[in-house]
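Examination of the molecular architecture
Residue-level listing of the chains:
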Amino acid sequence: MITDSVTLTHDLAGCAGDGLVISADNVTLDLGGHSLGGTGTGAGILIEGSHVRVSNGTVRGFDAGVAIAGEYKYRRLTDVGISYLNLSGNSRTGIAASYVTAARLEHNALTHNGSWGLLAYELHGDVVDNDAVANGTGGGLDRGGISMKESGGTVSGNRSLHS
């Protein structure tokens, strides 16, 4: 459980279940250019708090690279930023987000994930300049790239291609 801001100083591999869980508000997680690797289940980074920033690294080998769990504890999360992450090789999705307001997802590479690059439900904010390339055959706007249901905000400058 992460409850204070932190920067990783080395790679973390072989994580079973959820890798890193941000369970508090007002937390910044800087991966420091390092990798977080899983065994195929859970979320690489599970966000359960508001006013959270995650950036600068690689997350692979989980069910979801990053899960923004706004439905957790029956509250909507607000002000969550995900940037400069390489989210690849996750069995379901690069980023799964639900019930989030004032989100900012930018400059992420969402590649070679099982179903979607980004799967969002009730995400309200900005999704800009992300690459969602060569993901699986999940539903959504372009068969595996970016799927945003009952969501709103700015969606611009994204590149989404199916393999």
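Owing to the predicted nature of the structure, the values given are computational and were not obtained by experimental measurement. (Residues numbered from 1 in each chain as written. Predicted model: local features only at pLDDT ≥ 70, side-chain atom pairs only at ≥ 80, totals over all residues. Heavy atoms only, no water.)

Some remarks on the packing of aromatic side chains
If you walk through the whole model with that rule in mind, you get 1 aromatic pair. Measuring from centroid to centroid gives 5.6 Å for Tyr 99 and Tyr 121, while their planes differ by 75°, and the two rings are edge-to-face. Remark: Tyr 121 occurs in strand E13 (residues 116-128) and Tyr 99 occurs in strand E11 (residues 93-106); sequence separation between them is 22 residues. The class for Tyr 99 is partly exposed, based on a relative accessible area of 29%. (Phe/Tyr/Trp six-rings, centres within 6.5 Å; stacked < 30°, edge-to-face > 60°. Helix = DSSP H or I, 4+ residues; strand = E, 2+ residues; numbered from the N terminus. Buried < 20%, exposed > 50% of the residue type's maximum accessible area, 1.4 Å probe, protein only.)

Describing the side chain of Ser 50
Tracing the backbone shows Ser 50 in the loop between strand E6 (43-47) and strand E7 (52-60). Judged by relative accessible area, Ser 50 falls into the buried class, the value being 4%. In this structure Ser 50 touches Ala 24, Asp 25, Asn 26, Arg 75, Arg 76, Leu 77, Thr 78 and Asp 79, once residues within four positions along its chain are discounted. (Contact = heavy atoms within 4.5 Å.)

Remarks on the pairing of E7
Pairing analysis gives 4 bridges linking strand E4 (residues 27-30) to E7, with the strands arranged parallel. Bridge assignment links Thr 28 to a residue of E7, and that residue is Arg 53. Bridge count for strand E5 (residues 35-38) against E7 is 3 bridges, and the pairing is parallel. Within E7, the residue paired with Gly 37 across the bridge is Arg 60. Here E7 pairs with strand E10 (residues 80-88) via 8 bridges, running parallel. Within the sheet, the bridge partner assigned to Val 59 lies in E10 and is Leu 87. (Pairing = 2+ DSSP bridges.)

Focus on the pairing of E6
Summarising burial for E6: 5 of the 5 residues are buried, a large majority. Pairing of strand E3 (residues 20-22) with E6, which is carried by 3 bridges, proceeds in the parallel orientation. Counted as the bridge partner of Ile 22 is Ile 47 from E6.

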